[in-house]
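Here's the letter readout for the chains.
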Amino acid sequence: MRDFWQALRRNRMGVIGLIMIVLTLLMAIFAPLLAPYNPKERIRVTLDSIYAKPSLEHPFGTDDAGKDVLSNFIYGARVSLTVGFFASFISVVIGGTIGLISGFFGGKIDNLLMRFTDIVLVIPDLPLAVVLVALTKPSLMNIIIVIGILGWTGTARLVRSQTISVKERKFVLRAKAIGAHPLYILRNHIFPLVLPLMIANTVLVISLAILNESALAFLGLGDPSTLSWGQMLNFAFTRGAMSSGAWWALLAPGLGIVWLVLGCTLLGQGFQQILNPRLESHHLQKSEMIALEGSHVQQATG
Amino acid sequence: MSNKQQANLLEVRGLTVDYLTEKAKARALENVSFKVAQGSILGIVGESGCGKTTLMLALLRLLPQAGRIVAGEVLFNGRDLLRLSENDMRSLRWQDLAIIFQGAMNALNPVKTVEDQITEVLLRQNPNKTSAAKRVDELLEMVGIGRNRKGQYPHQFSGGMRQRAMIAMALACNPKLVIADEPTTALDVMVQAQILELLLQLRAELDLTILLVTHDLGVVAEVCDTALVMYGGVIAEHAPIDAIFNAPSHPYTQALLGAFPDHTKPKTQLLSIPGYPPKLDALPPGCRFAPRCSQVIDICQLKTPSLIKVSDGFASCHLLETL
Amino acid sequence: MSLIRVQNLHKHFSLSSGLGKNLVVKAVDGVSFELEKGEVLALVGESGCGKSTLALTLMHLEEASAGQVLFNDNDITTLKGKALKNLRRDIQMVFQDPYESLNPLMTVGAIVEEPLKVHGLGKSKSARQEMVKKALEDAGLNPAESYLNRRPHELSGGQRQRVVIAAALVLEPSLVIADEPVSMLDVSIRAEVLGVLERLKLEHSVAMLFITHDLGTAAHFADRIAVMYLGRIVELGETQDVLENPQHPYTKALLSVIPVPNPKLRRKHIILQGDPPNPINIPGGCRFHPRCPVAIPTCSKQEVALKHININHKAACLLLDHSA
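Residues numbered from 1 in each chain as written. Chains lettered and ligands numbered in written order. Predicted model: local features only at pLDDT ≥ 70, side-chain atom pairs only at ≥ 80, totals over all residues. Heavy atoms only, no water.

Of regular secondary structure, chain C possesses eleven helices and twelve strands. For 324 residues, the compact-globule estimate of 2.2 N^0.38 gives 20 Å, and the C-alpha radius of gyration of chain C, at 21 Å, lies within 12% of that figure. When its C-alpha atoms are laid out on the principal axes, chain C stretches across 70 × 55 × 45 Å. Taking all 324 residues of chain C together, the buried fraction comes to 57%. Residue pairs in contact within chain C that sit at least 24 positions apart in sequence constitute 64% of those at least 6 positions apart. Surface accessibility of chain C: about 13000 Å² in total, with carbon and sulfur atoms responsible for 50%. (Helix = DSSP H or I, 4+ residues; strand = E, 2+ residues; numbered from the N terminus. Rg over C-alpha atoms; globule rule 2.2 N^0.38 Å. Buried < 20%, exposed > 50% of the residue type's maximum accessible area, 1.4 Å probe, protein only. Contact = heavy atoms within 4.5 Å. Areas by Shrake-Rupley, 256 points an atom, 1.4 Å probe, with all protein chains shown as cover.)

In structure tokens:
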């Protein structure tokens, strides 16, 4: 584990991604302290306060209801992050389970599960999500569940291939040879070695979930009782921000989404580079160590 | 003088190599000196981490980035290879010095036919395509690959055939010196015998000088004329193989022979060497073999022994100095 | 009574070539031998001769296609469930690659304890701990305490192989199948690891099937040697007998090309040309006849079985009849 953090510290893109995510997290946690106004507070709207330009009072301007965009933005991070974390948790649990079972047992089970995965994979996510959310009540819970149960296919395939490669290793054969039950082997020998990759994958799935949530909200299928970044975009778009030239109503949530998705992607890829030895080989530090043990390696292969 | 230079195709003097890592400097080779006579086969033997691969790479100036040659001379036909420009060295590498790597599968390009790969080497030296094509046929015949198989890809070859293709490639430009790094390690004994026989036959036909890097003492005894036994980055013993195998001077050579299986002596006890080979970043003070040596005396832990002349060759051991 | 008696064991794999043709790989094709308590039998052959498949089949890690394996006179070929699990206590395996056969995330202590947990042995954690320590010490890892909390990557190849051996012997098996246990180790380390295995045999009367491509190592370690070629045993006898008086032309060729660390013994090599044959197309008649330097026309027509040369030495070659 210590090695892992050391490797991460050397991965500049991963560190940048981690910082980006942590900053967003801090902003969401301390929203009440950071936001100049409370978005839930009722305010009296005057004509001047609708789509007011950025000013000292409202650094990011105001929206169609005369509310402070900066405050909405800060509180909106909470919704986006909540959806991202919980939806990706659902995805990774489903995908991980399917991937592990499929890779470990192989044969007919594998065939069945992978065909099912392929079917889910080819159905376009967003239209199906739109239909599902529209059929159920568009609450935050429903959005999380819908995004979660549509986003697991990538995880399933990744975990399956990793499971297959771990399964082929000799210590698994050795465990079989001492008479260990298949489920015991799965739990004690395969899962712990697949887990790091699953965690790395989770970070990438979070970014997908956030994007999906934004898209749903933008299409008007967000939870009306909460205000996510996607919804801010939706309101600005449908309520005349464009025609009145109020770019500030779009800029902050748009950049927020890009920022968070980029942060997750960088960190997730950083994790995968560290965990996946094939991508790791370009790492200078590692190649030096190999050079030092050159003759070791060379004999070990003989 | 000129007479002597003809006798020794390669002379290495005081070669010292360091590996630099973030934290420390590891000495991979220390003060390695030896001569190789024209037309002879020198076996370089030792266990993991003894520096035999580093030595081979240093001679070719192909050390990995972290490796540095900090001292020494490598005289090839009287020219110091370490002073050549990178360009001169590169052209020398295929023309005069050739390499046969261990894993032929990794050393060959998987997406090119064997014929194309050998042609590529030839064209680099001489851009005449018809003469190159003729030479490819000649080379393949020399190493025993049927003409009908030259258009095939490496994965269609067996391990032995791939190693033959590697040898053909190495011989493409009529090198004088061939450095073979564990050329038979991954092969079955029967295929190993075929390849070793091929090397011996080529040596006789082409008057090749061969450096054979291996961990297998049996292979050394079968094909080499002299042997260099390495331990922890230094030469333990360098002598003609009769001396190495029948009257070894260095305690490490003696111990290694006791540990090596020999099917002509069934049911005899194999003798192990206690402990483990030293790691390059944690070398013991004094003689590097001292911690595992059964004949260790006080001075061994204090002072590094130097390579001295013994009856038929050279060895670095304090016991031999006091005699 | 033999500890294990293998009778006409077969292991065939079918490969579908995609064109509707089914290729059959006859990896093990009629192998019979017996192994006594406390005896070491070396199974020697080139790659592709089926020796590793034979090991996996005996271990029940592959299902036998035909034939029988009697362990203590009980047929174990068709065991399942609980009975199979109990059998696993008696037969343990040591694999070739000590870098691959240990779970990198587990400590040495946990690795050696695992078989005990799987079989519900040892009354308490501390009782198991004692058994683990004893196994580690038996495998030559002293003092055992200093290894318990280490992980495989902190150990050298020789130490790892000792951990694998400790994890096998903690169950006190009566048979250990060792598949190339020392071929990846340095020469100076090999003798020690073989010494550990030898002590197992002498002190615990463990029988061993020692699978190797290296007749040299087999010569020092085995009581008997079986030479395998294309899925069959072609010669079987006491170590000294086989090495000094080989009967099968394949054994003779093999012995002639194994490098001997003695330059005065440069012998005439009988080098068989070509590559080790493929177990998909097994030649008819004697399966060695296409490469045999002394083959006669009958060899391609007539199957050969193992014949006794003396009470303990058998070989499968037609010429033996002719010379007799």
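Now, onward.
Residue and element names in this part refer to chain B. For helix H8 (residues 189-206), spanning 18 residues, the distance from its first C-alpha to its last is 25 Å, which sits close to the expected 26 Å at 1.5 Å a residue. Turning to H8, its buried residues are Val189, Met190, Val191, Gln192, Ala193, Gln194, Ile195, Leu196, Leu198, Leu199, Leu202 and Arg203. After H8 finishes, the residue Asp207 shows a positive phi value of roughly 55°. (Expected span 1.5 Å × (residues − 1).)

Another aspect to go through is the pairing of strand E1 (residues 8-20) of chain B. Residue and element names in this part refer to chain B. With eleven of 13 residues buried, E1 lies mostly within the body of the structure. Direction of pairing for E1 relative to strand E2 (residues 25-37): antiparallel, over a ladder of nine bridges. Looking at the pairing, Leu20 lines up with Lys25 of E2. In this structure, the hairpin formed by E1 and E2 is closed by a connection of four residues. By the bridge criterion, eight bridges tie E1 to strand E4 (residues 67-76) in an arrangement that is antiparallel. Bridge assignment links Val12 to a residue of E4, and that residue is Val74. (Pairing = 2+ DSSP bridges.)

Taken residue by residue, the interface counts 17 residues in chain A and 24 residues in chain C. Together, the buried faces of chain A and chain C total about 1900 Å²; carbon and sulfur atoms form 60% of this surface. Ranking the residues of chain A by area buried against chain C places Arg174, Ala177 and Ile178 of chain A at the top, with a combined share of 35%. The interface formed by chain A and chain C holds one salt bridge in total. At the junction of chain A with chain C, the criterion picks out eight residue pairs in polar contact (both at pLDDT 80 or more). Put simply, the parts of the chain that give the side of chain A that touches chain C at least two residues each are helix H9 (170-177), helix H10 (182-221) and helix H15 (294-300) of chain A. It is H9 of chain A that contributes the most residues to the side of chain A that touches chain C, six residues altogether. (Buried area = accessible area lost by both parts, 1.4 Å probe. Salt bridge = Lys/Arg side-chain N within 4 Å of Asp/Glu carboxyl O. Polar contact = N/O pair within 3.5 Å; in protein donor to acceptor, adjacent residues only side chain to side chain.)

Another point: the nonpolar core. Ranked by size, the top nonpolar core spans 74 residues in total, and within it Val112, Leu136, Val163, Ile165, Leu215, Ile225 and Tyr250 of chain C carry the most contacts. Setting aside residues up to four positions removed in sequence, Leu215 of chain C forms contacts with His263 of chain B together with Val44, Ile225, Leu243, Leu254, Leu255 and Ile258 of chain C. In terms of nonpolar packing, the next biggest core, distinct from the first, is built from 66 residues, Leu108, Leu171, Val220 and Phe260 of chain B among them. (Core = buried A, V, L, I, M, F, W, Y, C linked by side-chain atoms within 4.5 Å.)

Attention now moves to the interface of chain B and chain C. In many reports, interface size means the accessible area that the parts give up when they come together. Of the residues lining the interface, 49 residues belong to chain B; the matching set on chain C comes to 50 residues. Between chain B and chain C, a total of about 4000 Å² is buried, with carbon and sulfur atoms accounting for 58% of that surface. Interface area lost by chain B to chain C is led by Met190, Glu222 and His263 of chain B, which between them contribute 21%. At the junction of chain B with chain C, the criterion picks out zero salt bridges. Taken together, chain B and chain C are joined by eleven residue pairs in polar contact (both at pLDDT 80 or more). Only helix H7 (159-171), H8, helix H9 (217-223), helix H10 (241-246) and helix H11 (251-259) of chain B provide two or more residues apiece to the side of chain B that touches chain C. When the residues that make up the side of chain B that touches chain C are grouped by side-chain class, the tally is 25 nonpolar, 13 polar and eleven charged. (Nonpolar A, V, L, I, M, F, W, Y, C, P; charged D, E, K, R; others polar.)

To continue, consider the sheet that holds E1 of chain B. As summarised here, the arrangement of the four strands in space is E2-E1-E4-E5 (chain B), forming an open sheet in which the pairing is antiparallel. In this open sheet, the two edge strands, each paired with only one partner strand, are E2 and strand E5 (79-80) of chain B.

Now for the packing of aromatic side chains. Summed over the entire model, instances satisfying the criterion amount to eleven aromatic pairs over all chains. Ring geometry for Phe104 of chain A and Phe105 of chain A: centres 5.0 Å apart, planes at 80°, overall edge-to-face. Centre to centre, the rings of Tyr252 of chain B and Phe289 of chain B are 5.1 Å apart; their planes meet at 65°, and the pair counts as edge-to-face. Placement of Tyr252 of chain B in helix H11 and of Phe289 of chain B in the loop between H11 and strand E11 (308-309) is noted, with a sequence separation of 37 residues between them. A single burial state applies to Tyr252 of chain B and to Phe289 of chain B, both of which are buried. (Phe/Tyr/Trp six-rings, centres within 6.5 Å; stacked < 30°, edge-to-face > 60°.)

Turning our eyes to something else, we now look at unusual backbone geometry. Asn142 of chain C connects to Pro143 of chain C through a cis peptide bond whose omega is -15°. Among the secondary structure elements, Pro143 of chain C is positioned in the loop between helix H4 (125-138) and helix H5 (145-148). In this structure, Asp207 of chain B is a non-glycine residue whose phi angle is positive, near 55°. Inspection of the secondary structure assignment puts Asp207 of chain B in the loop between H8 and strand E8 (209-214).

This part is about a nonpolar patch on the surface. Residues and elements named next belong to chain A. Together, Trp5, Leu18, Ile19, Val22, Leu23, Leu26, Ile29, Phe30, Leu33, Leu34 and Trp259 give the surface a local cluster of nonpolar side chains, amounting to about 1000 Å² of exposed area. Sorting the residues of the nonpolar patch by element identifies helix H2 (12-29) and helix H3 (31-34) as the ones contributing at least two each. Judged by relative accessible area, Leu23 falls into the partly exposed class, the value being 45%. (Patch = residues over 30% accessible without salt bridge, like charges linked within 9 Å, V, L, I, M, F, W, Y side chains within 5 Å.)

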